[in-house]
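So the chains spell out like this:
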Amino acid sequence: MIFRALVKFRLQQQIGIMGFFFSSFSSGSGHNKVWFKDKDDALASFRLMLLRKPLPCIVEFSKLFSSIVRMGHYETVVYLSKEIEFLGIEQDIHSLSILINCFCHLHRVDFGLSVLSKILKLGLEPSIVTFTTLLNGLCMEGKMDQVMMLYDDMLVRGLQPNVYTYNVIINSLSKSGKANEALGFLKQMEKVGCVPNVVNYSTLIDGYCLRGQMDEARSVFDLMVSKGCTPNVYTYTSLMNGYCKIERIEEAVQLLDETLRKGLVPDTVTFTTIISGLCRAGRPLAAQQLFRYICAHGHTPNIMTYGVLLDGLCKHGNLEEAFALFQEMQRSTVKPNLVIYTILIDSLCKCGKIKDGKELFSRLIDEGLKPNVYTYTALVGALCKEGLIIEAHKLFRKMEEDGCTPDKCAYNVIIQGFLQHKDPSMARQLVEEMVNRGFSADAATRALLNDFPTNDIPALKTLIGFCEDH
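As the structure is a prediction and not an experimental result, all values here were calculated from the model. (Residues numbered from 1 in each chain as written. Predicted model: local features only at pLDDT ≥ 70, side-chain atom pairs only at ≥ 80, totals over all residues. Heavy atoms only, no water.)

J.: Can you break down the overall build of the protein chain residue by residue, with the values?
T.: In terms of helices and strands, the protein chain carries 26 helices and zero strands. Expressed as a percentage of its 470 residues, the buried residues of the protein chain come to 50%. Contacts in the protein chain between residues far apart in sequence, at least 24 positions, make up 63% of those at least 6 positions apart. In the structure as shown, the protein chain presents an accessible area of about 22,300 Å², 54% of it carried by carbon and sulfur atoms. (Helix = DSSP H or I, 4+ residues; strand = E, 2+ residues; numbered from the N terminus. Buried < 20%, exposed > 50% of the residue type's maximum accessible area, 1.4 Å probe, protein only. Contact = heavy atoms within 4.5 Å. Areas by Shrake-Rupley, 256 points an atom, 1.4 Å probe, with all protein chains shown as cover.)

Right under this line is the structure:
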């Protein structure tokens, strides 16, 4: 999940061109843009505009609204838009399209559609920007049926989709598991003379890669190259991530080599993707070698890179190397966070090094980090395993006292601890709590109950049966 997020983030940086397009289209050319240092500065300018006689035209207000949109204050634009309407200033297609954009960012695309209806009633002609903005809003909310209806309406009105319009749809279809439909839109682009760009192709490739459909992804990659569209580092990173997901690590490494040979500069996300793939393939020491390579060649690992390598080393029993890496982090500018501590504590506990795990847990708190439910549960489970059930229960209670609410996993771990140590009375109390919180027993807890001979177990089984039914 972490690396899917990483690759997705990098792809979104490409698609960020569209985000800029949506947020600033109303500003016109660069020299017409209006910039403010903050929202208060923009609001002060708005109030001064209202004092002018005659009032400025809607074009001037649109420039101000665009600037506020770039700062991300969408609610403010909605409010100011209502205010100028109250003053009798007529809005145009530009200002109303800005308003639609704001509603979409506020996840109220229904209001955006109402503004489109208003545009049509006023006899104004919606532009491709208007429709693309609405399509993007509908896609963000996953309303693909409405996306297709609006797309058809746009075509009926004689508006030709551009690369931004197509990418909104291709991106949404790809992310929702409909990459084949997205491919249809890519081919449609070519038919109408709209040349797909690297973002269009990379978006579709990423959609296939995220679902492990590497033959299809590679086919789109080859099509892209045959059309003279040069892949960039994000395209290659998506492919590498896809091959890593299906454990074809050699092909991922070959792509990294190809990227370097073509003079492209892989970034930290690219290298982290390969490190993750090597760890998943059971080759943490090879991952460590790659880590050393990127450090030696001027790349700065981020917290995600450290976390993935540390996790890989721990999972494959390389605790000595993991702690050396942890100490290296402490000396670097990238300081260990809660995730790093939790990985190490969990690994120590699983190896039976409970004393070291407790020591690291205390150090975490000394560093000002607040343990989460995963950190607590790892240590609670280890204490139970070592027979320190009273200490485990105290820590379990401390978890909630510290504002960290136990989840289903935490309850099952402590309940199993009491069942394993022949204390059905306390187990029953905890099961009642678990049931009241809407959690259910897992397979391990149920198995322990089935093997338990005491008279208190029927009541426990009844409670757990109730929980399973609800």
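J.: Residues and numbers for the packing of helix H22 (residues 389-401) against helix H23 (residues 408-420), please.
T.: It is at 10 Å that the axes of H22 and H23 come closest, and there the two elements cross at 160 degrees. Overall, the two elements H22 and H23 adopt an arrangement that is roughly antiparallel. The handedness of the crossing between H22 and H23 comes out as left-handed. Residues Ile389, Ala392, His393, Phe396 and Met399 of H22 form the contact with H23, whose own contacting residues are Ala410, Tyr411, Ile414, Gly417 and Phe418. (Axes fitted to C-alpha atoms, helices over the stretch in contact; angles between N-to-C directions. Parallel < 35°, antiparallel > 145°, perpendicular 65-115°, else oblique. Left-handed = near helix turned anticlockwise from the far one by under 90°.)

J.: Can you lay out the side chain of Ser172 for me, pointing to particular residues and giving the numbers?
T.: Here Ser172 is to be found in helix H9 (residues 163-175). Residue Ser172 is classed as buried on the basis of its relative accessible area, which comes to 8%. If sequence neighbours within four positions are ignored, Ser172 has contacts with Cys139 and Met144.

J.: Hey, could you go over unusual backbone geometry for me, with residue numbers and the actual values?
T.: Across the junction of Lys53 and Pro54, the peptide omega takes the value 0 degrees, indicating a cis bond. Even without being glycine, Glu247 reaches a positive phi, approximately 60 degrees. On the secondary structure map, Glu247 appears in the loop between helix H13 (233-245) and helix H14 (249-261).

J.: Lay out a nonpolar patch on the surface with the relevant residues and their values.
T.: On the surface, Leu55, Phe86 and Leu87 cluster together into a nonpolar patch covering about 330 Å² of accessible area. Assignment of secondary structure puts Leu87 in the loop between helix H4 (74-86) and helix H5 (93-105). On the accessibility criterion, Leu87 (41% relative accessible area) is partly exposed. (Patch = residues over 30% accessible without salt bridge, like charges linked within 9 Å, V, L, I, M, F, W, Y side chains within 5 Å. Salt bridge = Lys/Arg side-chain N within 4 Å of Asp/Glu carboxyl O.)

J.: Give me the lowdown on the packing of aromatic side chains, citing residues and values where you can.
T.: Under the definition given, this model contains 12 aromatic pairs. A ring pair is formed by Phe103 and Phe111, whose centres lie 5.4 Å apart and whose planes are at 80 degrees; its orientation type is edge-to-face. Accessibility expressed as a relative area gives 11% for Phe103, which makes it buried. Using a relative accessible area of 37% as the deciding quantity, one classes Phe111 as partly exposed. Judged by centre distance (5.5 Å) and plane angle (65 degrees), the rings of Phe221 and Tyr236 are edge-to-face. In this pair, Phe221 sits in helix H12 (residues 214-226) while Tyr236 sits in helix H13, placing the two residues 15 residues apart along the sequence. (Phe/Tyr/Trp six-rings, centres within 6.5 Å; stacked < 30°, edge-to-face > 60°.)

J.: Now, about the nonpolar core: what can you tell me, with residues and values included?
T.: What tends to happen in soluble globular proteins is that the nonpolar side chains get buried as a cluster. Ranked by internal contacts, the top residues of the largest apolar core, which has 134 residues, are Phe61, Phe65, Leu204, Ile275, Ile414 and Ile415. With residues near it in sequence (within four places) discarded, Phe65 still touches Phe46, Val77, Leu80, Ser81, Ile84 and Ile98. (Core = buried A, V, L, I, M, F, W, Y, C linked by side-chain atoms within 4.5 Å.)

J.: Explain the pattern of salt bridges residue by residue, including any values.
T.: A complete count under the given rule lists 20 salt bridges for this structure. Linking Arg47 and Glu83 is a salt bridge whose minimum nitrogen-to-oxygen distance equals 2.5 Å. Taken together, the residues Arg47 in helix H2 (residues 39-51) and Glu83 in helix H4 connect sequence positions 36 residues apart. Classification of Glu83 by relative accessible area gives buried; the value is 18%.

J.: So, the packing of helix H17 (residues 303-315) against helix H18 (residues 319-331): which residues are in play, and what are the values?
T.: The contact between H17 and H18 brings their axes to 8 Å, and the two run at 160 degrees. Between H17 and H18, the interaxial angle falls into the category roughly antiparallel. Along this stretch, H17 crosses H18, giving a crossing that reads as left-handed. In this structure, H17 uses Ile303, Tyr306, Leu309, Leu310, Leu313 and Cys314 to contact H18, whose residues at the interface are Leu319, Glu321, Ala322, Leu325, Phe326, Glu328 and Met329.

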